[in-house]
Amino acid sequence: ALHVVDFAQAPEDLDGPEAATDGALVIDRGRALVRLPDGRVVRFARRRTLWLLLLALADRRGARPGEAVTQEELRASAWPGERMSAAVARNRLHVSLSTLRSLGLRDLLLGRGDGYALDPDVALRMIDAT
């Protein structure tokens, strides 16, 4: 299950995202977890859809800070190959983005036109090691 823990309470054998609170958003692709700027850690191991959404946002943020990922791009990233009506897609995306906000990304997730972006003013570090 998805859970949020204070980085000081995270298992000691984990390094990377739990190592320090430096105000950056740290995404550990190998372990499907994120350290928020306030030091809390969010684990996504069993929440694939939310993880895929976050990775799409982070990849765009890393490549082109401030540029939004369109709703259609997010839908295609989170539910690859799945056919659904526009209304169902909008609802799923709305619920998923609301969940990401409630997990601590509220201040980092910005609406931009027809899409969303991670705040370009917050440092972002990606860790690819497993």
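Scope of this entry: the structure provided in the associated data block. (Residues numbered from 1 in each chain as written. Predicted model: local features only at pLDDT ≥ 70, side-chain atom pairs only at ≥ 80, totals over all residues. Heavy atoms only, no water.)

**A look at the sheet that holds strand β6 (residues 109-112)**
Part 1 of the argument: Here three strands make up an open sheet; going across it, the order is β5-β7-β6 and the pairing antiparallel. Unpaired on one side and paired on the other, β5 (69-70) and β6 mark the two borders of the sheet.
Part 2 of the argument: By the bridge criterion, two bridges tie β5 to strand β7 (residues 115-118) in an arrangement that is antiparallel. Its bridge partner being in β7, Thr70 is matched across the sheet by Gly115.
Part 3 of the argument: Seen against the sheet, helix α1 (residues 48-63) touches β5, β6 and β7 and runs at an angle of roughly 70° to β7. (Pairing = 2+ DSSP bridges. Helix = DSSP H or I, 4+ residues; strand = E, 2+ residues; numbered from the N terminus. Contact = heavy atoms within 4.5 Å. Axes fitted to C-alpha atoms, helices over the stretch in contact; angles between N-to-C directions.)

**Section: the packing of α1 against helix α2 (residues 71-78)**
The description of two packed helices rests on the angle between their axes and on the distance between the axes.
Part 1 of the argument: Closest axis-to-axis distance for the α1/α2 pair is 8 Å, and the angle between their directions is 130°. In terms of axis orientation, α1 runs oblique to α2. Where α1 crosses over α2, the two elements pack in a sense that is right-handed. From α1, Thr49, Leu52, Leu53, Ala56, Leu57 and Arg60 reach across to α2, where they touch Glu73, Leu74, Ser77 and Ala78.
Part 2 of the argument: Grouping the constituent residues of the contact of α1 with α2 by class yields six nonpolar, two polar and two charged. (Parallel < 35°, antiparallel > 145°, perpendicular 65-115°, else oblique. Left-handed = near helix turned anticlockwise from the far one by under 90°. Nonpolar A, V, L, I, M, F, W, Y, C, P; charged D, E, K, R; others polar.)

**Quick notes on α2**
Part 1 of the argument: What α2 keeps buried is the set Leu74, Arg75 and Ala78. Viewed end-on, α2 has its buried residues packed into an arc of 100°, placing them on one side of the element.
Part 2 of the argument: Elements in contact with the buried residues of α2: α1, β5, α3 (86-105) and β7. (Buried < 20%, exposed > 50% of the residue type's maximum accessible area, 1.4 Å probe, protein only. Arc of directions from axis to C-beta.)

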